[in-house]
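So you can see what is in the structure, the chains are spelled out below.
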Amino acid sequence: MGRLTAIVLGSAAGGGFPQWNCRCPVCRLAWAGDPRVRARTQASLAVSANGEDWIVVNASPDLPEQIRGAPALHPRGGTRGSPIKALLLTGAEIDQITGLFSLREREPFALYATASALSLIEGNSLFGVLPPQVVTRRTITAGRAYALPGDLQAEFFAVPGKAPLYVEGEDPQTMSETAGTMGVELSAGGARLAYVPGAAAVTSDMRQRLARTDVVFFDGTLFRDDEMIATQTGSKTGLRMGHMPIDGSGGSLEALADLRARRIYVHINNTNPILVQGSPEHACVTSRGWEVAADGLEVVL
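Described below are features of the structure shown in this document. (Residues numbered from 1 in each chain as written. Predicted model: local features only at pLDDT ≥ 70, side-chain atom pairs only at ≥ 80, totals over all residues. Heavy atoms only, no water.)

### Observations regarding the nonpolar core
In terms of nonpolar packing, the biggest core is built from 33 residues, with Val 196, Met 206, Leu 210, Phe 218, Tyr 265, Ile 274 and Val 285 touching the most fellow members. If you list the elements that add at least two residues to this core, you get α1 (25-31), β10 (191-196), α5 (204-211), β11 (215-219), α7 (252-255) and β13 (290-292). Once residues within four sequence positions are removed from consideration, Val 285 is found in contact with Phe 223, Ile 246, Leu 253, Tyr 265, Ile 274, Trp 290 and Val 292. Of all hydrophobic cores here, the second largest spans 32 residues; its members include Leu 4, Ile 140, Ala 191 and Tyr 195. (Core = buried A, V, L, I, M, F, W, Y, C linked by side-chain atoms within 4.5 Å. Buried < 20%, exposed > 50% of the residue type's maximum accessible area, 1.4 Å probe, protein only. Helix = DSSP H or I, 4+ residues; strand = E, 2+ residues; numbered from the N terminus. Contact = heavy atoms within 4.5 Å.)

As structure tokens, then:
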């Protein structure tokens, strides 16, 4: 085990891949068993600095399946016990918080999130299955360092985005840096990684922060901004949903072109053709130094 180890538990956007009700061109390949595509669960990341104590970033609805597929996260010790010691939230979207329900059963861990995310959780009585005396709530502040179990350090930072879909209203601000969309930097032993599964833009502060990391996991939701409209799978652009596209003017390929860190796309929507090995879009991102995450990818620093 290296100084810092990250396991991509899930690499898809909300709904996973293939999405249960979708027959877009990319999902059709998956339903047909085409070997060029691989099924993916919804985005989540596990990180450890010692191989014993693990931190999970975002509680995907697929978290039980993801834990079963990651031996490092299997129960250990006595009759009950988990190596998951803390869970960090970069937002409060459905695909970031509903996995919390599967972490009931009175196993202690700490939950780190913004005040707005914790307010949404506390305002829903269903989350009472995670009593605060067992699951400690810790309100985070952007720019402040937090010591985590296993000699990890976390620092959250604001990312342009919007409020969660279920509370966004009719005309949401999609470039707000105060709407609760966060990135998180995790470090140990001089190694650093950043996890940014959702971003409507890359600010100069973000660019400076990402430049000091060894690995960046970044929002790969859509290849083109109008992708869902073009595939007739939705009526919103990526930017309207709070996600910058990969390609095009202002896309992440352009915005992060000078980044020297290892760069990995996560939170990939089911419509995104970078999911197809050998596609022009997949070739486009890999030729520019990016990787396309798949579930189970392990990165050791």
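### Concerning unusual backbone geometry
The residue after Phe 17, namely Pro 18, is reached through a cis peptide bond having omega -5°. Note on placement: Pro 18 falls in the loop between β1 (5-10) and α1. Not every positive phi belongs to a glycine, and Glu 105 is a case in point at roughly 75°. If you trace the backbone, Glu 105 turns up in the loop between α3 (94-97) and β5 (109-113). The backbone of His 267 sits at a positive phi, close to 55°, despite the residue not being glycine. Structurally, the position occupied by His 267 is in the loop between β12 (262-266) and α8 (280-287).

### Observations concerning the side chain of His 267
With a relative accessible area of 9%, His 267 lands in the buried category. Polar contacts involving the side chain of His 267 include one to the side chain of Asp 95, which spans 3.4 Å. In this structure the side chain of His 267 is engaged in a polar contact, spanning 2.9 Å, whose partner is the side chain of Thr 221. Ignoring any residue separated from it by four or fewer positions in sequence, one finds His 267 in contact with Ser 11, Ala 12, Ala 13, Gly 14, Ala 43, Asp 95, Pro 197, Asp 219, Gly 220, Thr 221 and His 243. (Polar contact = N/O pair within 3.5 Å; in protein donor to acceptor, adjacent residues only side chain to side chain.)

### A word on the pattern of salt bridges
Per the counting criterion, the structure on display carries 13 salt bridges. A salt bridge links Lys 236 to Glu 168; the nearest nitrogen and oxygen atoms lie 3.8 Å apart. Of this pair, Lys 236 sits in the loop between α6 (227-230) and α7 while Glu 168 sits in the loop between β8 (152-158) and β9 (182-188), and the two are 68 residues apart along the sequence. Its relative accessible area of 28% is what places Lys 236 among the partly exposed residues. The buried category is assigned to Glu 168, whose relative accessible area is 12%. Glu 185 is the salt-bridge partner of Arg 192, the closest N and O atoms lying 2.4 Å from each other. The network of salt bridges with common partners includes Glu 93, Lys 162, Glu 168, Lys 236 and Arg 240. (Salt bridge = Lys/Arg side-chain N within 4 Å of Asp/Glu carboxyl O.)

### Regarding the pairing of β11
Burial within β11 is extensive, with five of its five residues counted as buried. As defined by bridge partners, β10 adjoins β11 across four bridges and the pair is classed as parallel. Its bridge partner lying in β11, Val 196 is registered against Phe 218. Taken together, β10, α5 and β11 constitute a β-α-β crossover, and its handedness is right-handed. Relative to β12, β11 runs parallel, the two sharing five bridges. Bridge pairing in β12 places Val 215 opposite Arg 262. (Pairing = 2+ DSSP bridges. Right-handed = clockwise from strand over helix to strand, strands pointing away.)

### A closer look at the packing of aromatic side chains
Tallied over the full model, the rule gives five aromatic pairs. One aromatic cluster is present, formed by Phe 218, Tyr 265 and Trp 290 through successive ring pairs. (Phe/Tyr/Trp six-rings, centres within 6.5 Å; stacked < 30°, edge-to-face > 60°.)

### Section: the sheet that holds β8
Within the open sheet, the seven strands sit side by side as β7-β8-β9-β10-β11-β12-β13. Their pairing is mixed. The outermost strands of the open sheet, each flanked by one partner alone, are β7 (145-148) and β13. For this sheet the average axis-to-axis angle between neighbouring strands, irrespective of direction, equals 25°. The pairing of β9 with β10 spans five bridges and is antiparallel. Directly across from Leu 186, in β10, lies its bridge partner Leu 193. Strand contacts of α5: β8, β9, β10 and β11, with the helix running at about 160° to β8, the strand carrying the most contacts. (Axes fitted to C-alpha atoms, helices over the stretch in contact; angles between N-to-C directions.)

Without other data, these values stay purely geometric and don't point to any function.
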